[in-house]
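# Overview (structure and organization)
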Amino acid sequence: MAKEIKYNYYFWGPFLYQTKLDKKEISKVKKLCSKKSKDVRTSLAGLIKNEHEIDVNKLYPIIEPYIQSYSEGFRSYRNKSLGDNVALIRAWVNYMTKFETNPLHVHGEDLSFVIILSVPKQLIKEREQTISRGNKQGELVFISSLSARDEFITSHNFFPEVGDFFIFPAALHHYVNSFKSDGERISVSGNLRIING
């Protein structure tokens, strides 16, 4: 008879949260996005022609239930409270087109998020035809360590789908790969501040 071995399993690294917005919420977020709003490229890492400010007061009520859900997940993950409140400090939309990229970077504040609003059909085909085992076109990649080891999980790659909503610590490195297809890969990002007391 095999010996029964008891062990503990420990969560390690950043809490990366993924969920989906429903169609109504996606539509509401899209209505807040405009290429006519304030250009914010000078304060962002992206090599993207169109990056524009979004009104945080209008966006927050749409995403607030998900921020609460993140807080509950964080409590389970870390066995401690995230904080008394989370405030949306800044938000913007990225209209990413072919050959543009969002290089490896981190955000300010405490937490950040990404919402995917549009993925070009041509990009889906381009990705399917890629034979690379590694990173692929248009992927969102999160990296917790640059020391890749087989026994560690140091990164997660996601080919985005419309409605994907990621919330993560602002200091978590991430980037988006470029692509060659026509069309716009539209995403909304923002920074959140944890308020204690």
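Structural data are supplied above this passage.
Everything numeric here is computed off the predicted structure, so don't read it as measured data.

### Observations regarding helix 2 (residues 56–78)
For helix 2, with 23 residues, the first-to-last C-alpha span of 28 Å runs short of the 33 Å given by 1.5 Å per residue. Buried within helix 2 we find Val56, Leu59, Ile62, Ile63, Tyr66, Ile67, Tyr70, Ser71, Phe74 and Tyr77. Among the structural elements, strand 1 (17–20), helix 1 (23–31), strand 3 (85–96), strand 5 (111–118), strand 8 (164–169) and strand 10 (185–195) are those in contact with the buried residues of helix 2. Its side-chain oxygen 2.8 Å from the backbone nitrogen of Asn57, Asp55 forms the N-cap of helix 2. Just downstream of helix 2 lies Asn79, where phi reads positive at about 60°.

### Remarks on the layout of surface pockets
By volume, the largest pocket is sized at about 600 Å³. Surrounding the largest pocket, 19 residues form its lining, Trp12, Gly13, Pro14, Ser144 and Ile153 being those nearest its centre. When its volume is computed, the second largest pocket comes out at roughly 260 Å³. Residue lining of the second largest pocket: 23 residues in total, with Leu44, Trp92, Asn102, His105 and His107 positioned closest to the centre. Secondary structure elements with two or more residues in the lining of the second largest pocket: strand 3, strand 4 (102–105), strand 9 (173–176) and strand 10. Looking at side-chain class alone, the lining of the second largest pocket contains nine nonpolar, eleven polar and three charged residues.

### With respect to the sheet that holds strand 7 (residues 155–158)
One open sheet accounts for four strands, arranged 4-9-6-7; its pairing is antiparallel. Sheet topology places strand 4 and strand 7 at the edges, where each strand pairs with a single neighbour. Sheet twist, expressed as the mean angle between neighbouring strand axes with direction ignored, is 10°. Summarising the sheet, strand 6 (residues 140–143) and strand 9 pair through four bridges and their orientation is antiparallel. Residue pairing across strands places Val141 opposite Tyr175, the latter belonging to strand 9.

### Concerning the pattern of salt bridges
By the definition in use, this model includes seven salt bridges. A salt bridge links Lys20 to Glu161; the shortest N-O distance between them is 3.1 Å. Residue Lys20 is located in strand 1, and its partner Glu161 is located in the loop between strand 7 and strand 8; the two are separated by 141 residues in the primary sequence. Residue classification places Lys20 among the partly exposed positions, given a relative accessible area of 37%. When salt bridges that share partners are traced, they join Lys20, Glu161 and Asp164 into one network.

What counts as what
Residues numbered from 1 in each chain as written. Predicted model: local features only at pLDDT ≥ 70, side-chain atom pairs only at ≥ 80, totals over all residues. Heavy atoms only, no water. Helix = DSSP H or I, 4+ residues; strand = E, 2+ residues; numbered from the N terminus. Expected span 1.5 Å × (residues − 1). Buried < 20%, exposed > 50% of the residue type's maximum accessible area, 1.4 Å probe, protein only. Contact = heavy atoms within 4.5 Å. Polar contact = N/O pair within 3.5 Å; in protein donor to acceptor, adjacent residues only side chain to side chain. 1 Å grid on protein atoms, 1.4 Å probe; cavity = no way out; pocket = protein on both sides within 12 Å on 5 of 7 lines; lining within 4 Å. Points joined across faces, edges and corners; volume = space filled by probe spheres on them. Nonpolar A, V, L, I, M, F, W, Y, C, P; charged D, E, K, R; others polar. Pairing = 2+ DSSP bridges. Axes fitted to C-alpha atoms, helices over the stretch in contact; angles between N-to-C directions. Salt bridge = Lys/Arg side-chain N within 4 Å of Asp/Glu carboxyl O.

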